[in-house]
2 protein chains.
Amino acid sequence: MNTRSRDIRLRVTVSPDVPIGPGKADLLQGIRETGSIAAAGRRMGMSYKRAWYLVETLNGHFGTPMVEAVKGGRAGGGARLTPLGEDVLDAFREMEALAERAIMPTLRRLRRRLPSS
Amino acid sequence: MNTRSRDIRLRVTVSPDVPIGPGKADLLQGIRETGSIAAAGRRMGMSYKRAWYLVETLNGHFGTPMVEAVKGGRAGGGARLTPLGEDVLDAFREMEALAERAIMPTLRRLRRRLPSS
């Protein structure tokens, strides 16, 4: 997940009025990896209520949901990303990496010039 | 200033525990352009107290200030950026532009695939 320390935090206006930032991305990734909205929220230190609220927000953005319920199975049901959710998450991670790579030379130059505190 | 609508919002960890994002950058730019902390805050819809608090935060980051008082002059005193403040602001704006340029192809591809809502 987002355990590595990031030099940047990126928020992207994916579509008018639809911002995707690290919070929503980490929640989508948590759902992908745990198969559960509650578990995804928990590992981010997020309340169950907040995690559900964010999922509802994500699902309302485009009319087409990004997260869907999975009935049955070993764990007795859970959640998973829809193809749209997978697509948005993958694109966001790609944009984070591209942005970070693009800014690093400038950031390194700036850091070298900063007063040592 | 930040009147254009941005596709991205970037926050950069300039140095450990020193994040610079659009709020601080816009305040620095406002001070550069208006010569006044109060006026810079006002045009961002920020209270005088909040603007001063942010300037104190910025000035505490590196031991060396980013904003300094200007005594006298036509306007009876005001504020301006120090060379460090100019440097951090310029680097941040450069990083915003670099990041935006780097992610745009991916963002455009994603937008084309999104369901029309």
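Residues numbered from 1 in each chain as written. Chains lettered and ligands numbered in written order. Predicted model: local features only at pLDDT ≥ 70, side-chain atom pairs only at ≥ 80, totals over all residues. Heavy atoms only, no water.

Draft legend 1. Quick look at helix H1 (residues 22-34) of chain A. The end-to-end C-alpha distance of H1(A) is 18 Å, a good match for the 18 Å that 13 residues give at a rise of 1.5 Å each. Gly35(A) sits one or two residues past H1(A) and shows a positive phi near 70 degrees. (Helix = DSSP H or I, 4+ residues; strand = E, 2+ residues; numbered from the N terminus. Expected span 1.5 Å × (residues − 1).)

Draft legend 2. Main features of the interface of chain A and chain B. The interface is formed by 32 residues belonging to chain A together with 32 residues belonging to chain B. Inspection of the region where chain A meets chain B yields 4 salt bridges. Here Arg109(A) ties to Glu94(B) by a salt bridge, and the two come within 3.4 Å at their closest N and O atoms. Between chain A and chain B we count 14 residue pairs in polar contact (both at pLDDT 80 or more) in total. Among the elements of the structure, strand E1 (8-15) and helix H4 (83-113) of chain A are those that each provide at least two residues to the side of chain A that touches chain B. Top element by residues in the side of chain A that touches chain B is H4(A). It accounts for 16 residues. Residue composition of the side of chain A that touches chain B, grouped by class: 17 nonpolar, 6 polar and 9 charged. With 5 bridges connecting them, E1(A) and strand E1 (residues 8-15) of chain B associate as antiparallel partners. (Contact = heavy atoms within 4.5 Å. Salt bridge = Lys/Arg side-chain N within 4 Å of Asp/Glu carboxyl O. Polar contact = N/O pair within 3.5 Å; in protein donor to acceptor, adjacent residues only side chain to side chain. Nonpolar A, V, L, I, M, F, W, Y, C, P; charged D, E, K, R; others polar. Pairing = 2+ DSSP bridges.)

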